[in-house]
Amino acid sequence: MLEEINFIALIPYVFVTTFTPGPNNISCAAAAARWGMRRTWGYLLGIGMGFFVVLLLAGAFSGVLISTLPALEGYLRWVGAAYILWLAYGIARSESREGVEGGEPLRGFAKGFMLQFANPKAILFSVTLYTAFLGPILARPAPVFLSAALVAAIGFTSVMSWAVFGLGIHRFLQNPLHHRIVNVGFSLLLVWTAAGVAGIL
């Protein structure tokens, strides 16, 4: 079974796709930069758990997804782009007179979890993973579960890495002007991501 899987193509696909900029990674960096790691944990855990569930669903229902995804992909892209733009708006307008520790986090576990179901990158990645790379294991629930857990762990490592990057510029953001510039920068990255998701770029 494992000898039928092309790991030479699979491993780069998983790492490049999960670690490159996307809604999860950029929003995690912005959240950690804004509120620090302690107040971002819920969002990170929500993303990790939501991504795991999306992977499980893709592994369990890959046959149905293959037949229905072409019809749904266009709608999914626009819903995802709208959600990403909403995140960009929230980041761009977030300010606090008390500094980066003030205010309430814009996101938590539930928002991180739900983002995965409006995130075309996560959904298309998951469907492609099981249909193009892991087809030989689809008939076995245990390998599907284990592969979903492993890939979700890699994805969680990615969002953690981006959050640590955001945390690294936390002190820099004590200056209100710096804080504003970085927020706008993250927001523009998300707008660019949304345009790519919608197929505009």
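For the structure itself, look to the data block above.
Described in the following lines is the structure provided in the data block. The structure presented is a predicted model; accordingly, all values stated were derived computationally and were not measured.

### Let's talk about the overall build of the protein chain
Next, step 1: Each helix and strand counted, the protein chain has eight helices and zero strands in total.
Next, step 2: For the protein chain, the sequential pattern of α-helices and β-strands runs α-α-α-α-α-α-α-α.
Next, step 3: Taken over 201 residues, the protein chain has a buried fraction of 46%.
Next, step 4: Look at the contacts in the protein chain between residues 6 or more apart in sequence, and 84% of them connect residues 24 or more apart.

### Some words on the packing of aromatic side chains
Next, step 1: In this structure the tally under the stated criterion is eight aromatic pairs.
Next, step 2: Taken together, a centroid distance of 6.1 Å and an interplanar angle of 10° make the contact between Phe15 and Phe19 stacked. Linking Phe15 with Phe19, this pair stays in helix H1 (residues 7-19), spanning four residues, or about one helical turn.
Next, step 3: Every member of this aromatic cluster is reached through a ring pair, and the members are Tyr13, Phe51 and Phe125.

### A short note on the side chain of Asn24
Next, step 1: Relative to the helices and strands, Asn24 resides in helix H2 (residues 23-35).
Next, step 2: Among residues more than four places away in sequence, those in contact with Asn24 are Ile47, Leu115, Gln116, Asn119 and Val159.

### A word on helix H6 (residues 120-133)
Next, step 1: For H6, which comprises 14 residues, the first-to-last C-alpha distance of 19 Å matches the rise-based estimate of 20 Å (1.5 Å per residue) to within 8%.
Next, step 2: When we look at burial in H6, the residues that qualify are Pro120, Ala122, Ile123, Phe125, Ser126, Val127, Leu129, Tyr130 and Phe133.

### Looking at the packing of H2 against helix H7 (residues 141-168)
Next, step 1: Between H2 and H7, the shortest axis-to-axis distance is 7 Å and the interhelical angle comes to 35°. Crossing angle aside, the handedness with which H2 passes H7 is right-handed. On H7, the residues touching Asn24, Asn25, Ile26, Cys28, Ala29, Ala32 and Ala33 of H2 are Ser158, Val159, Trp162, Ala163, Phe165, Gly166 and Leu167.

### Topic: the environment of Ala29
Next, step 1: Turning to its location among the elements, Ala29 is positioned in helix H2.
Next, step 2: As for Ala29 and Ile169, which are separated by 140 residues in sequence, their C-alpha atoms are 9.4 Å apart.
Next, step 3: Ala29 has contacts with Trp162, Ala163, Phe165, Gly166 and Phe186, leaving out every residue within four places of it along the chain.

About the thresholds
- Residues numbered from 1 in each chain as written.
- Predicted model: local features only at pLDDT ≥ 70, side-chain atom pairs only at ≥ 80, totals over all residues.
- Heavy atoms only, no water.
- Helix = DSSP H or I, 4+ residues; strand = E, 2+ residues; numbered from the N terminus.
- Buried < 20%, exposed > 50% of the residue type's maximum accessible area, 1.4 Å probe, protein only.
- Contact = heavy atoms within 4.5 Å.
- Phe/Tyr/Trp six-rings, centres within 6.5 Å; stacked < 30°, edge-to-face > 60°.
- Expected span 1.5 Å × (residues − 1).
- Axes fitted to C-alpha atoms, helices over the stretch in contact; angles between N-to-C directions.
- Left-handed = near helix turned anticlockwise from the far one by under 90°.

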